[in-house]
Amino acid sequence: MKKLITGIHHVTAIAAHTQQNFDFYSGVLGLRFVKKTVNFEAPEVYHLYYGDEAGNPGSILTFFPYEGLAKGRHGNGMLNTTTFSAPASSLDYWLDRLGRSGILHKMPQERFPGEVVVYLEDIDGLGLELVFNENDNRPGIPSDTIPSENALKGFHHVEIWQEGYEQQTAGVLTGILNHKLIAEQGNRFRFAATDAPGNYIDLLFAAGNQKGRAGSGTVHHLAFATPDRQTQSDVLKKVIEANLNPSPVRDRKYFTSIYFREPGGVLFEVATAGPGFTVDEPLETLGEALKLPEQFEPRRAELEKLLIPLTATRGMSE
C-alpha cells in the first residue's frame, strides 16, 4: 500500500527583490534554477523555482517576487526557517563563502547529535539554515562554481513556530499526514513521514512569541509530497473529515495540489510527485525559458513586457 505522504514536496516564499533573489539562490547557494513561470492566480508576478538538478521533491524552494513589497515578520503560526543539507566536511567552505559574499550569519551550533547548524537570511530576511551532517546520501546539486564535495543536497528540514501543543499542528501531522515524532530536544519536536534529510518537520513551541505577519521574507506555504492523484484524493478525504476546509484539486501543470490551513495558521499544500518539471522543457535546459500555463499563452507578449528580465549569474568564482 502506498504511503499517502512521503515527505516535503516544496516550500514557497515571498520576495521583494527579483534579480537579487535569483542571484542569491542560483549564485551564492548554487541551487539549480529549474523553472521560470508565473503565479497562476496573478500572472503578472513570477513564480521562480530552485532545486536540485531535476527539481525533485525535497529540494524545491519557490518564490513569488512582488517587487518592493514590505517585509513581513517571523513569529508564531508561521514556517520561519527553511534549511538545506550540506556535507559535514564542508562547514569551513561555507563559512568562508558566506563571509566573502557579505552574507551575515550566526556562528555554528550543534543541535541534534551529528547536526551542526548555521543560521542566515536572504536579502528579504527569509530565515535559512545550513545543516552540516553525514546522514544525507543524495548527490550534491551540480554547480559551475561550487565543488561537488561542498554542494548542497536539497532541504534538510523546515521549522514551524507555534504557541503550544494546543494549536494541534502536531495532530494534523500525525493524524492526517502520516508523520511520526522521531526526535525531540527541549521545545523542538521533529516529525517525519520518511526518516531522511529533506523530509523533517521541526515544531518549536514558543509560548509568548509574537505572531508572524505575512510579507516579503516570509513563507507563503509548505507543500507535502503525495505519490499520485489517487493518494492525493485519499488525503483530501481525511482533510474534509477533519473539517479543515480544503481547496478543490488545482492543476499546477507540474503537479496537482490541494490546500488547507492547519489549526496553528500555516497554509499546507499536498502536491503530487509528478508529472514534474520536464513536462514542458528538457532536463538540460530547465529554467532557461519563460513557461506559461496554456490559459496565459495568449497574453505572452504582454506578460513578457511586465515581468522583470532576469540576468543569468554564475555566482561567485572560486
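Predicted, not measured: the structure shown is a model, and the values here were computed from it.

### Some remarks on the overall build of the chain
So, point 1. Along its length, the chain carries five helices and 16 strands.
So, point 2. Expected size for 318 residues packed as a compact globule is a radius of gyration near 20 Å; at 19 Å, the chain falls within 12% of this value.
So, point 3. Expressed along its principal axes, the backbone C-alpha trace of the chain runs to roughly 50 × 45 × 40 Å.
So, point 4. Residue pairs in contact within the chain that sit at least 24 positions apart in sequence constitute 68% of those at least 6 positions apart.
So, point 5. A gap of 4 Å separates the mean positions of the 30 positive and 39 negative side-chain charges of the chain.

### Considerations on the nonpolar core
So, point 1. Core analysis: the biggest nonpolar cluster contains 69 residues, and Tyr25, Leu29, Phe84, Leu177, Ile201, Leu222 and Phe268 have the highest contact counts within it.
So, point 2. Residues in contact with Ile201, not counting those within four places in the same chain, are Ile8, Val158, Ile160, Leu173, His179, Phe189, Arg190, Phe191, Leu222 and Phe224.

### Considering the packing of aromatic side chains
How two aromatic rings sit relative to each other is given by the distance of their centres and the angle of their planes.
So, point 1. Summed over the entire model, instances satisfying the criterion amount to 14 aromatic pairs.
So, point 2. For the pair Phe24 and Tyr25, a centre-to-centre distance of 4.8 Å together with 85 degrees between the ring planes defines the contact as edge-to-face. Residue Phe24 shares its accessibility class with Tyr25, and that shared class is buried.
So, point 3. Relative to Phe268, the ring of Phe224 lies with its centre 5.0 Å away and its plane at 75 degrees, an arrangement referred to as edge-to-face. Here Phe224 is found in strand E13 (residues 219-226), whereas its partner Phe268 is found in strand E16 (residues 267-272), with 44 residues between them in sequence.
So, point 4. Its relative accessible area of 0% is what places Phe224 among the buried residues.
So, point 5. Through a chain of ring-to-ring contacts, the aromatic side chains of Phe22, Phe24, Tyr25, Phe33, Tyr50 and Phe63 assemble into a single cluster.
So, point 6. Directly above the aromatic system of Tyr119 lies the positively charged group of Lys106, at a separation of 5.1 Å from the ring centroid.

### A word on the confidence of the model for the chain
So, point 1. Mean pLDDT for the chain: 95, with 97% of residues reaching 70 or above.
So, point 2. Note that residues 314-318 has pLDDT below 50 and, in this model, 16 contacts with residues that lie over four places away or in other chains.

Criteria and cut-off values
- Residues numbered from 1 in each chain as written.
- Predicted model: local features only at pLDDT ≥ 70, side-chain atom pairs only at ≥ 80, totals over all residues.
- Heavy atoms only, no water.
- Helix = DSSP H or I, 4+ residues; strand = E, 2+ residues; numbered from the N terminus.
- Rg over C-alpha atoms; globule rule 2.2 N^0.38 Å.
- Contact = heavy atoms within 4.5 Å.
- Lys, Arg positive; Asp, Glu negative; His and termini not counted.
- Charge placed at Lys NZ, Arg CZ, Asp CG, Glu CD.
- Core = buried A, V, L, I, M, F, W, Y, C linked by side-chain atoms within 4.5 Å.
- Buried < 20%, exposed > 50% of the residue type's maximum accessible area, 1.4 Å probe, protein only.
- Phe/Tyr/Trp six-rings, centres within 6.5 Å; stacked < 30°, edge-to-face > 60°.
- Lys NZ or Arg CZ within 6 Å of the ring centre and 35° of its normal.
- pLDDT = per-residue confidence, 0-100.

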